[in-house]
Amino acid sequence: MKRHFRLILVALLALLPLSRAALGQRTYALGLGGGAAIPVGKLSDTQNTGYNGIVAVAIGVAELPVGVRLDGIYNNFRVRTAPVGSASSSDLRIMGGLFNLIFAFPGTSAKPYLIAGGGLYSIKNDVSGAKAQNHFGFNAGVGATFAVGPFATFFESRYHTISRNAAKGGVVQFVPITVGLLF
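What counts and what doesn't
Residues numbered from 1 in each chain as written. Predicted model: local features only at pLDDT ≥ 70, side-chain atom pairs only at ≥ 80, totals over all residues. Heavy atoms only, no water. Helix = DSSP H or I, 4+ residues; strand = E, 2+ residues; numbered from the N terminus. Polar contact = N/O pair within 3.5 Å; in protein donor to acceptor, adjacent residues only side chain to side chain. Contact = heavy atoms within 4.5 Å. Patch = residues over 30% accessible without salt bridge, like charges linked within 9 Å, V, L, I, M, F, W, Y side chains within 5 Å. Areas by Shrake-Rupley, 256 points an atom, 1.4 Å probe, with all protein chains shown as cover. Salt bridge = Lys/Arg side-chain N within 4 Å of Asp/Glu carboxyl O. Buried < 20%, exposed > 50% of the residue type's maximum accessible area, 1.4 Å probe, protein only. Core = buried A, V, L, I, M, F, W, Y, C linked by side-chain atoms within 4.5 Å. Phe/Tyr/Trp six-rings, centres within 6.5 Å; stacked < 30°, edge-to-face > 60°. Lys NZ or Arg CZ within 6 Å of the ring centre and 35° of its normal. Pairing = 2+ DSSP bridges.

Peer 1: Teacher, can you tell me more about the side chain of asparagine 52 here?
Peer 2: Take asparagine 52: it is sitting in strand E2 (residues 50-61). For asparagine 52, the side chain forms a polar contact with the main-chain oxygen of isoleucine 177, separated by 3.5 Å. With near-sequence residues (within four places) excluded, asparagine 52 lies in contact with Gly33, Gly34, Gly35, Ala36, Ala37, Tyr74, Asn75, Pro176, Ile177 and Thr178.

Put into structure tokens, the structure is as follows:
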């Protein structure tokens, strides 16, 4: 699993060609955040709202509104209480390595942005002997950054959809709402 994420990260970084002039003007930011993860669609039938965490590396050029963000995400959903006599489910965790494009709108104290991308998601039920399943998926959402001294805070919400065939449980969809810091 770790090997797959490393290979994807190296491949994505190789796809970021920048001109020599732009190399001197690149900006970087490291982000850390967390919040609520809300199951939607069929996932909400078996799982309750959980929590999420994110580690992000944002790369951009000062004069352009478009940037790139690489995200590592972790989401955990608690199982809904099953009625007596029904088959019970388990807690569910979803991890992922994502490549996103960001379009930032101009702003002074707050900068709204659109974010969209895709990547590899790892889904695992929290039961003994369960194996993680890896699937590709996509995400899109909105957010805003706010300057706070030498740091910036961000607030965002994204819609994630992970493609799985029906035999493996079908499509998984969730919406994390995240608050974090950019360094």
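Peer 1: Would you mind showing me how to read a nonpolar patch on the surface here?
Peer 2: Residues Leu30, Leu32, Val55, Val57, Phe151, Leu181 and Phe183 make up a contiguous nonpolar surface patch of roughly 570 Å² in combined accessible area. Structurally, the position occupied by phenylalanine 151 is in strand E7 (residues 151-162). Assessed through its relative accessible area of 39%, phenylalanine 151 is described here as partly exposed.

Peer 1: Looking at this model, I keep getting lost on the nonpolar core. Mind explaining?
Peer 2: Generally speaking, nonpolar side chains in soluble globular proteins are found buried as a group. Grouped together as the largest cluster of nonpolar side chains are 21 residues, with contacts concentrated most on Ile94, Tyr121, Ile162, Val172 and Phe174. At the level of elements, strand E1 (26-40), E2, strand E3 (66-77), strand E4 (92-104), strand E5 (110-125), E7 and strand E8 (172-182) are the ones that each hand at least two residues to this core. Excluding its chain neighbours within four sequence positions, the residues that come into contact with isoleucine 94 are Ile73, Tyr74, Asn75, Phe77, Tyr121, Ser122, Ile123, Ile162, Val172 and Phe174.

Peer 1: So what exactly am I meant to see when it comes to the pattern of salt bridges here?
Peer 2: Where charged atoms from two side chains of opposite charge come close, those side chains can pair. This structure, assessed with the given rule, holds five salt bridges. Glutamate 156 is paired through a salt bridge with arginine 69; the nearest N and O atoms lie 2.9 Å apart. On the criterion of sequence distance, the pair formed by glutamate 156 in strand E7 and arginine 69 in strand E3 is long-range, its members being 87 residues apart. The same class applies to glutamate 156 and to arginine 69, which are both buried. The partner of aspartate 71 in a salt bridge is arginine 158, with the nearest N and O atoms 2.8 Å apart. Of this pair, aspartate 71 sits in strand E3 while arginine 158 sits in strand E7, placing them 87 residues apart in sequence. Judged by its relative accessible area of 3%, arginine 158 falls in the buried class. Taken together, the shared-partner salt bridges in this structure form one network comprising Arg69, Asp71, Glu156 and Arg158.

Peer 1: So what exactly am I meant to see when it comes to the packing of aromatic side chains here?
Peer 2: For any pair of aromatic rings, geometry is given as the distance between the ring centres together with the angle between the planes. Summed over all chains, the structure comprises four aromatic pairs. Taking the centre distance of 6.3 Å and the plane angle of 35° together, the rings of tyrosine 51 and tyrosine 74 count as tilted. With tyrosine 51 in strand E2 and tyrosine 74 in strand E3, this residue pair connects regions lying 23 residues apart in the sequence. Measuring from ring centre to ring centre gives 5.0 Å for phenylalanine 103 and phenylalanine 105, while their planes differ by 85°; the resulting arrangement is edge-to-face. Owing to a relative accessible area of 34%, phenylalanine 105 belongs among the partly exposed residues under this scheme. Directly above the aromatic system of phenylalanine 154 lies the positively charged group of arginine 69, at a separation of 5.7 Å from the ring centroid.

Peer 1: Could you clarify how one ought to interpret the side chain of histidine 135 in this entry?
Peer 2: Residue position: histidine 135 is located in strand E6 (residues 133-148). Exposure remark for histidine 135: the relative accessible area of 10% places this residue in the buried category. Only 3.1 Å separates the side chain of histidine 135 from the side chain of glutamine 133, close enough to count as a polar contact. Residues in contact with histidine 135, not counting those within four places in the same chain, are Gly119, Leu120, Tyr121, Ile123, Ile162, Ser163, Arg164 and Lys168.

Peer 1: Please explain the pairing of E4 as it appears in this structure.
Peer 2: Looking along a regular strand, one sees side chains alternate from face to face of the sheet. Note: E3 against E4, twelve bridges, orientation antiparallel. Bridge assignment links arginine 69 to a residue of E4, and that residue is asparagine 100. As paired elements, E4 and E5 share 13 bridges and run antiparallel to each other. Note on E5: the bridge partner recorded for asparagine 100 is glycine 117. As consecutive antiparallel partners, E4 and E5 are separated by five residues.

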